[in-house]
Amino acid sequence: MSDPDHPEPDRIEGAPHPRDTVRLIGQGAAEASFLDAHSAGRLHHAWLLTGPRGVGKATLAWRIARFLLATPEDDGGSLFGDPAPAPATLDIAPDHPVARRIHAGSEPRLFPLRRAWDADKKRLKSVITVDEVRRMKSFLQLSATDGGRRAVIVDPADEMNIAAANALLKMLEEPPHGVTFLLISHQPSRLLPTIRSRCRELRLTTLAPDALTEAMQAAGAEAGNGTALATLAGGSVGEAMRLTNLDGLETYAAIVKLFATIPRLDRPQALKLADSAAQRGAEEKLSLFLDLMDLFLARLARAGATGMTGPEAAPGEAQLLARLAPHATAGRRWAELQQSLGARARHGRAVNLDPAALILDMVLKIDEAARDTLAA
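Residues numbered from 1 in each chain as written. Predicted model: local features only at pLDDT ≥ 70, side-chain atom pairs only at ≥ 80, totals over all residues. Heavy atoms only, no water.

**So, the overall build of the chain**
A count of helical and extended segments in the chain gives 15 helices and seven strands. In terms of overall dimensions, the chain has C-alpha extents of about 80 × 45 × 35 Å along its principal axes. The buried share among the 376 residues of the chain stands at 46%. A fraction of 74% describes how many contacts in the chain between residues 6 or more apart in sequence connect residues 24 or more apart. With the model as given, the accessible surface of the chain reaches about 18800 Å², and the carbon-plus-sulfur share is 52%. With 45 positive and 46 negative side-chain charges, the chain shows a spacing of 4 Å between the two charge centroids. (Helix = DSSP H or I, 4+ residues; strand = E, 2+ residues; numbered from the N terminus. Buried < 20%, exposed > 50% of the residue type's maximum accessible area, 1.4 Å probe, protein only. Contact = heavy atoms within 4.5 Å. Areas by Shrake-Rupley, 256 points an atom, 1.4 Å probe, with all protein chains shown as cover. Lys, Arg positive; Asp, Glu negative; His and termini not counted. Charge placed at Lys NZ, Arg CZ, Asp CG, Glu CD.)

**Concerning the packing of helix H1 (residues 28-39) against helix H2 (residues 57-70)**
Where H1 contacts H2, the two axes come as close as 11 Å, and the packing angle between them is 25 degrees. The orientation of H1 relative to H2 falls into the category roughly parallel. The chirality of how H1 crosses H2 is right-handed. Together, Ala30, Glu31, Phe34, Leu35 and His38 of H1 and Leu60, Arg63, Ile64, Phe67 and Leu68 of H2 make up the contact between the two elements. (Axes fitted to C-alpha atoms, helices over the stretch in contact; angles between N-to-C directions. Parallel < 35°, antiparallel > 145°, perpendicular 65-115°, else oblique. Left-handed = near helix turned anticlockwise from the far one by under 90°.)

**A few points about helix H5 (residues 162-173)**
If you check H5, its first and last C-alpha atoms are 16 Å apart, about what twelve residues at 1.5 Å a residue would give, namely 16 Å. Of the positions making up H5, those classed as buried are Ala164, Ala165, Leu168, Leu169, Met171 and Leu172. Along the axis of H5, the buried residues cluster in a sector spanning 160 degrees; they form a single face. H5 presents Ile162 and Lys170 as exposed residues on the side facing more than 90 degrees away from its buried surface. (Expected span 1.5 Å × (residues − 1). Arc of directions from axis to C-beta.)

**Some details on the packing of aromatic side chains**
The full count for this structure, using the stated rule, is five aromatic pairs. Aromatic side chains phenylalanine 34 and phenylalanine 67 sit 6.4 Å apart centroid to centroid with 85 degrees between the ring planes, which places their arrangement in the edge-to-face category. Of the two residues, phenylalanine 34 sits in helix H1 while phenylalanine 67 sits in helix H2, which places them 33 residues apart along the sequence. (Phe/Tyr/Trp six-rings, centres within 6.5 Å; stacked < 30°, edge-to-face > 60°.)

**What about the nonpolar core?**
Taken as a class, soluble globular proteins show a tendency for nonpolar side chains to be buried jointly. Formed by 58 residues in total, the largest nonpolar core has its most connected members in Phe259, Phe296 and Trp334. Take this core: its biggest share by element is eleven residues, from helix H12 (residues 283-306). In this structure, phenylalanine 296 is in contact with Tyr252, Ile255, Val256, Phe259, Leu320 and Leu321, ignoring residues within four places of it in sequence. Core analysis: the next-biggest nonpolar cluster, separate from the first, contains 28 residues, Ala30, Leu35, Leu69 and Leu110 among them. (Core = buried A, V, L, I, M, F, W, Y, C linked by side-chain atoms within 4.5 Å.)

**Observations regarding the pairing of strand S6 (residues 179-185)**
With seven of its seven residues buried, S6 lies for the most part within the structure. With burial as the criterion, each face of S6 is covered, one bearing Val179, Phe181, Leu183 and Ser185 and the other bearing Thr180, Leu182 and Ile184. Where strand S1 (residues 46-50) lies against S6, five bridges are found, and the strand directions are parallel. Bridge pairing links threonine 50 to serine 185 in S6. Two elements, strand S5 (residues 150-154) and S6, share five bridges in a ladder whose sense is parallel. Bridge pairing in S6 links arginine 150 to valine 179. As for the winding sense of the linkage, the β-α-β connection from S5 through H5 to S6 is right-handed. (Pairing = 2+ DSSP bridges. Right-handed = clockwise from strand over helix to strand, strands pointing away.)

Here you go:
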């Protein structure tokens, strides 16, 4: 299922792969919904796992697959005809043969459909192609001879190109016997409506700060400033891991510190910040920096609209938000600027604009808007 020589597209750096994550934290309702359907004999052939990125959708998909492949189908009950008790959990013992094979990437009845390795370009493909769906179809035809349940995990379904999506749709319309499809989607609106209509949805929610901290610790990561991390991560373990791996808390604190110098913006500090976020080869850091700038503007807009500034994601942030977004009119201005700068950032990256120049331009636009707000 996996090639140790190539990176896995569904792995978050610094965290165990979802197939190896023992516990799923904070998503009991979604697990219970699936178990209820299983116990009632209403096991749908396709499930769409939705919710924000990084809240445990992939972990749940692998838990469901492990559970289905390790749990015998209803055999009529016990020796005396009594019905077997319904499973109360998706947990499967780690020493179970299915669990061991999944951990080793060698379970013959499970197919993970995800972006493949491009041998010519020496990198992962940007989308899931129809070739991968054809490989899955061949896999299902071969594994059918073994009988029993089989499972397919599509992670994420959002990354299928149109040809792959149409090929998968045909299989969902005429599902092979005994196969359960588990489609992970961060943005289900991007999927074909006909795919969505053939799936039963399991919606996962963002995690509360305590659950986020617990999930980070379970993944072997330090949560650090739990309140700030939870605030910036928006209840997403995946986003919290990215912030931790790329020093996101420090970067956001630097953004707040810079804009705290308004109305006399510290230009040398602005140049230093732009240069640090635009270092050659640091594509992930640049992406995170732009996301954090967007988040700062969103928090300004929300502070203006609601009058609420907490909890703080960086020292002095609450005071800065209150000063730059004192009323609803200012909140609307910040919301409009967030949209326009977001579009500029996407265009700048698309045409390979110098990252430092792109960042400095954004900083100056924010400075100009802030000074206009303070002068009003």
